[in-house]
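The primary structure of each chain is shown beneath.
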Amino acid sequence: MNVLNKNGIPSYIYHEEEGFRCSWFRNDTPICYHKEDISENDIVVFPEFSVPSLPQKFQVRNKVIFNQGCYHTFNNLPLPVVLLRNKLSSYYHKEEVKAVLVVSENDRSYLKHCFPDKNIYRIKHGIDSSLFYFDKAAKKKQIAFMCTKNPHDIRQIIYMLKIRDALKGWELTPIYEKPHKEVARILREASIFLSFGTQEGFYLPAAEAMACGCIVIGYNGLAGREYFQPDFSYTISNGDVLQFALVVERAIKQFNKSNDIFMEKSIKASNYIQKNYSLDKEEKSIVEAWNQILSLISVRDSYAHSYSHPSSPFQ
């Protein structure tokens, strides 16, 4: 929203809870709390998990779906077995859905395969280099991971490493419900990041870890194939916990034996992410996507709104 407003495309977030504002990161994004303020000429943007229930509550001519996780696209539909005799139609097919936004090439390919006639635009995630950056002096024998993804696999891998005393001298740091700045601090200190996301729209934590110079080991979430480069990361097949544990143990031994070689990979990881996923590239991709959407819709004075909307009370 801030990027759009900065580039001359007035936009607002809609939220039903009066006074609500995201507090886990700093922002001054305009927010509207009254559904009746939405004009029929507004462009209303909905997250993929709200489809189809939420979009149908808003009577506007133009809607956009922001799909940040293609693997959730069909979550709200019944099992296919009951639909075998009928042609399946999705909310994505509706004429009012003018476009779909995605955050990775993997998501674009998935949705283009399902909806070949739909306009699909990819925007790039940008990593804030003022928070997520490589700091060699901060690095220590620390392994970080998001503890909300695949707890069953996490438990197995950590116990496999512990039972062999492979983590001796190393600190394990789970990340859960921490402020953005605190997450960045942990990743700048960590030398290894364990990735447990298996079906992700992009999986931002792994990219942020790489930006901080962490050697990322684990599942690439499929979408992460575009940035899990073999020069500085280790991709593990989903569910292969034995291979996962073996690679972590080898990485620890390499760090203990030659910190300099390890740090060369850390620098490569950080440089790759900083170059390919900068905030400038994110802004450019957002503006380009929305210019195409606005051109496509060709509705004068239309406004883009995330998770919803409005414009009229702020004009």
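Details of the structure are given in the entry above.
This one's a predicted model, so the numbers in the text were calculated from it and none came from an experiment.

1. Some thoughts on the environment of Leu167
Moving on, step 1. Here Leu167 lies in the loop between helix 3 (151–163) and strand 8 (171–175).
Moving on, step 2. Note on Leu167: relative accessible area 8%, which makes it buried.
Moving on, step 3. Each C-alpha atom of the pair Leu167 and Ile252 lies 7.8 Å from the other, and the pair is 85 residues apart in sequence.
Moving on, step 4. Contacts of Leu167, omitting those with residues within four sequence positions, involve Ile143, Ile158, Leu161, Lys162, Leu172 and Ile252.

2. What about unusual backbone geometry?
Moving on, step 1. The backbone phi angle of Asn150 is positive, close to 50 degrees, even though this residue is not glycine.
Moving on, step 2. Along the chain, the position of Asn150 falls in the loop between strand 7 (142–146) and helix 3.
Moving on, step 3. One non-glycine residue with positive phi stands out, namely Tyr203, at about 65 degrees.
Moving on, step 4. Along the chain, Tyr203 turns up in the loop between strand 9 (192–195) and helix 5 (204–211).

3. As for helix 4 (residues 180–189)
The periodicity of an α-helix, 3.6 residues per turn, causes residues three or four positions apart to be oriented the same way.
Moving on, step 1. Along helix 4, the residues classified as buried are Val183, Ala184, Ile186, Leu187, Arg188 and Glu189.
Moving on, step 2. Residues of helix 4 that are buried make contact with strand 7, strand 8, strand 9 and helix 5.

4. Considerations on the nonpolar core
Moving on, step 1. Core analysis: the largest hydrophobic core is formed by 46 residues, its most contacted members being Leu101, Phe132, Leu187, Phe193, Tyr227 and Trp290.
Moving on, step 2. Tallying contributions element by element places helix 8 (residues 279–297) first for this core, with six residues.
Moving on, step 3. Ignoring anything within four residues of it in the chain, the contact list for Leu187 reads Phe132, Lys139, Ala144, Ile175, Phe193, Pro205, Glu208, Ala209, Cys212 and Cys214.
Moving on, step 4. Leu167, Ile217, Tyr219 and Val241 belong to the second-largest nonpolar core, a separate cluster that totals 26 residues.

5. So, helix 7 (residues 259–276)
Moving on, step 1. Compared with the 26 Å implied by 1.5 Å per residue over 18 residues, the 26 Å span of helix 7 between its first and last C-alpha is a close match.
Moving on, step 2. For helix 7, the set of buried residues is Phe262, Met263, Ser266, Ala269, Ser270 and Ile273. Each buried residue of helix 7 lies within a common arc of 115 degrees when the element is viewed along its axis, so the set occupies one face. Along helix 7, the residues that are exposed and aim more than 90 degrees away from the buried face are Asp260, Glu264 and Lys275.
Moving on, step 3. On the buried face of helix 7, the contacting elements are strand 9, helix 5, strand 10 (215–218) and helix 6 (241–257).

6. Examining the pairing of strand 4 (residues 62–66)
Moving on, step 1. Burial runs high along strand 4: five of the five residues are buried.
Moving on, step 2. With burial as the criterion, each face of strand 4 is covered, one bearing Asn62, Val64 and Phe66 and the other bearing Lys63 and Ile65.
Moving on, step 3. The pairing of strand 3 (residues 43–47) with strand 4 spans five bridges and is classified as parallel. By the bridge assignment, Val45 is partnered in strand 4 with Val64.
Moving on, step 4. As defined by bridge partners, strand 4 adjoins strand 5 (residues 97–102) across four bridges and the pair is classed as parallel. Paired with Ile65 across the bridge in strand 5 is Val100.

About the thresholds
- Residues numbered from 1 in each chain as written.
- Predicted model: local features only at pLDDT ≥ 70, side-chain atom pairs only at ≥ 80, totals over all residues.
- Heavy atoms only, no water.
- Helix = DSSP H or I, 4+ residues; strand = E, 2+ residues; numbered from the N terminus.
- Buried < 20%, exposed > 50% of the residue type's maximum accessible area, 1.4 Å probe, protein only.
- Contact = heavy atoms within 4.5 Å.
- Core = buried A, V, L, I, M, F, W, Y, C linked by side-chain atoms within 4.5 Å.
- Expected span 1.5 Å × (residues − 1).
- Arc of directions from axis to C-beta.
- Pairing = 2+ DSSP bridges.

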